[in-house]
Amino acid sequence: AAQYYAYSTGKKLYRTRNFAIPGQTTAAMLAHYAAEIAPQFSVSYSKNIYVIDEVRNDIYFGATAAAAIATLTSLVSAAQATGFTVIVNNLRFSNYVGNTGRTETQYNTEINSASILITANAFGADYIVEPNNPALWQLNASNATIAAAIADTDWFADGTHGTPAYYNSQGQQEAIQALNVI
């Protein structure tokens, strides 16, 4: 179930709700968008911002980068039609565990392809947040570089999911790159 959070930047009070479900694909998020996320939009809020951190699980479960981005396009369109300002986080390193029916190199190639497509923003998000920490992402990194990065327990709790430092870094990137502009 989603959880509510309230936090203050010192200037504004924000109400947030996290809909993240471990292992969820973008298609699953899209399937329950109308019932769970769209009702969170309110004209009484000065800003209605929807941050999407999707696509990796799609590729993990076998989708191509193009297919994953097509589903992301539908999710972004649905959110914008509701009235949300949409921010999409670009990809970060994560663990390849061999469950995708691909080799590690094929998996990482699809992740890189998806990252390039997210940067291009052909799906029309309002903002794209690009990772700027080389400990969390480097386009076309070698398998060895990725393995070393996800082994760093300062950033990665289990090789895939981040530590508090990871999510703080991501939140700072969002604040710097997108939220101050909105």
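Structure: see above.
Residues numbered from 1 in each chain as written. Predicted model: local features only at pLDDT ≥ 70, side-chain atom pairs only at ≥ 80, totals over all residues. Heavy atoms only, no water.

1. Here we look at the overall build of the protein chain
- Counting its secondary structure elements, the protein chain contains 7 helices and 5 strands.
- Secondary structure elements of the protein chain occur, N-terminal to C-terminal, as β-β-α-α-β-α-α-β-α-β-α-α.
- Here the protein chain, with 182 residues, has 37% of them falling under the buried criterion.
- Total accessible area computed for the protein chain in this model is approximately 9300 Å², and 55% of it derives from carbon and sulfur atoms. (Helix = DSSP H or I, 4+ residues; strand = E, 2+ residues; numbered from the N terminus. Buried < 20%, exposed > 50% of the residue type's maximum accessible area, 1.4 Å probe, protein only. Areas by Shrake-Rupley, 256 points an atom, 1.4 Å probe, with all protein chains shown as cover.)

2. Remarks on the side chain of Arg 102
- Secondary-structure assignment places Arg 102 in the loop between strand E4 (85-89) and helix H5 (104-120).
- Summary of buried charges: Arg 102 has no salt-bridge partner, and the nearest side chain of opposite charge, Glu 110, is 4.9 Å away.
- Reaching out from Arg 102, the side chain makes a polar contact with the backbone oxygen of Gly 62 at a distance of 2.9 Å.
- With near-sequence residues (within four places) excluded, Arg 102 lies in contact with Ile 59, Gly 62, Ala 63, Thr 64, Tyr 96, Tyr 107 and Glu 110. (Lys, Arg positive; Asp, Glu negative; His and termini not counted. Salt bridge = Lys/Arg side-chain N within 4 Å of Asp/Glu carboxyl O. Polar contact = N/O pair within 3.5 Å; in protein donor to acceptor, adjacent residues only side chain to side chain. Contact = heavy atoms within 4.5 Å.)

3. Quick word on the environment of Ala 147
- Topologically, Ala 147 is positioned in helix H6 (residues 143-150).
- Placed 54 residues apart in sequence, Ala 147 and Phe 93 show a C-alpha to C-alpha distance of 8.9 Å.

4. Description of helix H4 (residues 65-82)
- Compared with an ideal rise of 1.5 Å per residue, which puts 18 residues at 26 Å, H4 spans 26 Å between its outermost C-alpha atoms and is within 8% of the ideal.
- Every buried residue belonging to H4 is among Ala 65, Ala 68, Ile 69, Leu 72, Leu 75, Val 76 and Ala 79, and all of these are buried. Along the axis of H4, the buried positions cluster into a sector of 120°, meaning they face one direction only. Residues Ala 66 and Ala 81 are exposed on H4 and point more than 90 degrees away from its buried face.
- Of the surrounding elements, those touching the buried residues of H4 are helix H1 (26-31), helix H2 (33-37), strand E3 (49-52), helix H3 (56-60), E4 and H5.
- Count one or two residues on from H4 and you reach Gly 83, which has phi positive near 120°. (Expected span 1.5 Å × (residues − 1). Arc of directions from axis to C-beta.)

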